[in-house]
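One-letter residues, chain by chain:
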Amino acid sequence: MDNTKPVAFITGAAGGVGLAAAEKLDAQGFALWLTDREGTAIDTLAARFPGARITTADLADTAQLEALCQEIEASPGQLEVAFINAGIVVPGSVPETSRSTIAAHLNINLLAAALLDHACAAKMKPQGSGHIVNTLSAAAMVAMPGSAAYSASKFGLRGFTNGLAADLKPFGISVSGVYPNAIDTPMLREEAASGGSVLNFLSEPVTADDVADAVVKSISGKKLEYFVPKGDSLTMRCIGAAPRLMDWLYPLFEGKATKGRDAYLKKYNLTLRA
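Here is a short report on the structure shown in this document. (Residues numbered from 1 in each chain as written. Predicted model: local features only at pLDDT ≥ 70, side-chain atom pairs only at ≥ 80, totals over all residues. Heavy atoms only, no water.)

### Observations concerning the overall build of the protein chain
When its secondary structure is counted, the protein chain shows nine helices and seven strands. At 18 Å, the protein chain has a C-alpha radius of gyration in line with the 19 Å of a compact globule built from 274 residues. Classification of the 274 residues of the protein chain by burial places 47% in the buried group. (Helix = DSSP H or I, 4+ residues; strand = E, 2+ residues; numbered from the N terminus. Rg over C-alpha atoms; globule rule 2.2 N^0.38 Å. Buried < 20%, exposed > 50% of the residue type's maximum accessible area, 1.4 Å probe, protein only.)

Okay, structure coming up:
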């Protein structure tokens, strides 16, 4: 990795939004530091991005997470962008979800993200510059059936993101949250086939490139929140302010959303698992 260039650090970089963001930031001249866990396509990243720094880390492993945080704080060069993107989603109602699965959502989506944010902030503070971007979700604004653990992790990360932005502003560091609706990635395909919330398919899923564009836009715009698509902002805020609206809206939207889910499964030749 060329430490004379500004560095962009990305978690969950082996596919989906992380990979799309890596391509865009590479094109903008950033030196890339890419991380993901073993068993992903991380082994292909070195060939795709010659000169990038590649780190394998399982964020569910406390020791590996702490080692990565320490590596960030001690790293050479100017860390200008940190895109904290790695996460999991396992659909299921609370009674049908194991305690270990609930814990995994909170540990990876919230705790690991918060600790990585902390490490990046510690690295950026002496620089007097930098931008941290967290991948959030529409589920950070509106909790949907079958997604309680995921929503809890993203609601929590939204609070941390907003508080972090206030804490770091005096030091010249900006923080943004990107709030995509359903993203057309392998993760969404697995969620659809596993019986995740049909409300993911009330509208056409956005692409990984759409979300990566919002990440790039946040680096220059430095606003606190970016919704993808942009028009979801008002809807999510209104429902988030009055969550009981979902009791009325869900039955109205369920039929249309189910048709959207079924069309999505057919597109990828997938079958809904019982």
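### Let's talk about the side chain of Ser218
Its place among the elements puts Ser218 in helix H7 (residues 208–221). Given a relative accessible area of 0%, Ser218 falls into the buried group. With residues near it in sequence (within four places) discarded, Ser218 still touches His131, Val133, Ser176 and Tyr226. (Contact = heavy atoms within 4.5 Å.)

### What to know about the pattern of salt bridges
A full pass over the atoms with the stated rule returns eleven salt bridges. Between Lys24 and Asp209 there is a salt bridge; the shortest N-O distance is 4.0 Å. Residue Lys24 is located in helix H1 (residues 16–27), and its partner Asp209 is located in helix H7; the two are separated by 185 residues in the primary sequence. Residue Asp209 is classed as partly exposed on the basis of its relative accessible area, which comes to 39%. (Salt bridge = Lys/Arg side-chain N within 4 Å of Asp/Glu carboxyl O.)

### Topic: helix H6 (residues 186–193)
What H6 keeps buried is the set Leu188, Glu191, Ala192 and Ala193. Next to the buried residues of H6 lie helix H9 (245–267). Positive backbone phi, at 85 degrees, marks Gly195, one or two positions downstream of H6.

### A word on helix H3 (residues 62–74)
Look at H3: 18 Å from first C-alpha to last across 13 residues, which is about the 18 Å you get at 1.5 Å a residue. Taken together, the buried positions of H3 are occupied by Leu65, Leu68, Cys69 and Ile72. The buried side chains of H3 occupy one side of the element, clustering within an arc of 100 degrees when seen end-on. Exposed side of H3, more than 90 degrees from the buried face: Ala63 and Ala74 are the residues found there. Looking at the buried side of H3, the elements it contacts are strand S1 (7–11), strand S2 (31–36), strand S3 (53–56), strand S4 (79–84) and helix H4 (99–124). Residue Asp61 occupies the N-cap position of H3, its side-chain oxygen lying 3.0 Å from the main-chain nitrogen of Ala63. (Expected span 1.5 Å × (residues − 1). Arc of directions from axis to C-beta. Polar contact = N/O pair within 3.5 Å; in protein donor to acceptor, adjacent residues only side chain to side chain.)

### Observations regarding the sheet that holds strand S7 (residues 225–228)
The seven strands lie next to each other as S3-S2-S1-S4-S5-S6-S7, forming an open sheet whose pairing is parallel. On the outer flanks of this sheet lie S3 and S7, each paired with one strand and no other. Averaged over all pairs of adjacent strands, the angle between strand axes in this sheet comes to 15 degrees, irrespective of strand direction. The sheet contact formed by strand S6 (residues 173–180) and S7 spans four bridges and is parallel. Paired with Tyr179 across the bridge in S7 is Phe227. Lying on the sheet, helix H5 (residues 148–168) is in contact with strand S5 (130–135), S6 and S7; it crosses S6 at an angle near 155 degrees. Along the sheet, H7 makes contact with S4, S5, S6 and S7, crossing S7 at roughly 160 degrees. (Pairing = 2+ DSSP bridges. Axes fitted to C-alpha atoms, helices over the stretch in contact; angles between N-to-C directions.)

### Details of the environment of Gly77
With respect to the helices, strands and loops of the structure, Gly77 is situated in the loop between H3 and S4. Residue class for Gly77 comes out partly exposed when judged on its relative accessible area of 28%. Sequence spacing of Gly77 and Thr40 is 37 residues, and the spatial spacing of their C-alpha atoms is 27 Å. With residues up to four places along the chain from it excluded, the contact list for Gly77 reads Asn3, Lys123 and Gln127.

### Details of a nonpolar patch on the surface
A contiguous nonpolar patch, built from Leu245, Trp248, Leu252 and Phe253 and spanning about 410 Å² of accessible area, is present on the exposed surface. Mapped onto the elements, Leu252 comes out in helix H9. (Patch = residues over 30% accessible without salt bridge, like charges linked within 9 Å, V, L, I, M, F, W, Y side chains within 5 Å. Areas by Shrake-Rupley, 256 points an atom, 1.4 Å probe, with all protein chains shown as cover.)

### Regarding the packing of aromatic side chains
Applying the stated criterion across every chain, the model contains four aromatic pairs. Summarising the aromatic geometry, the rings of Phe9 and Trp33 are spaced 5.0 Å apart at their centres and angled 70 degrees between planes, so their arrangement reads as edge-to-face. Taken together, the residues span a long stretch of sequence, with Phe9 in strand S1 and Trp33 in strand S2 at a distance of 24 residues. Accessibility expressed as a relative area gives 0% for Phe9, which makes it buried. On the basis of an interplanar angle of 20 degrees and a centroid distance of 4.8 Å, the ring pair of Tyr179 and Phe227 is categorised as stacked. Here Tyr179, found in strand S6, pairs with Phe227, found in strand S7; they are 48 residues apart in sequence, far enough to count as distant. Taken as a pair, Tyr179 and Phe227 share a single burial class, namely buried. (Phe/Tyr/Trp six-rings, centres within 6.5 Å; stacked < 30°, edge-to-face > 60°.)

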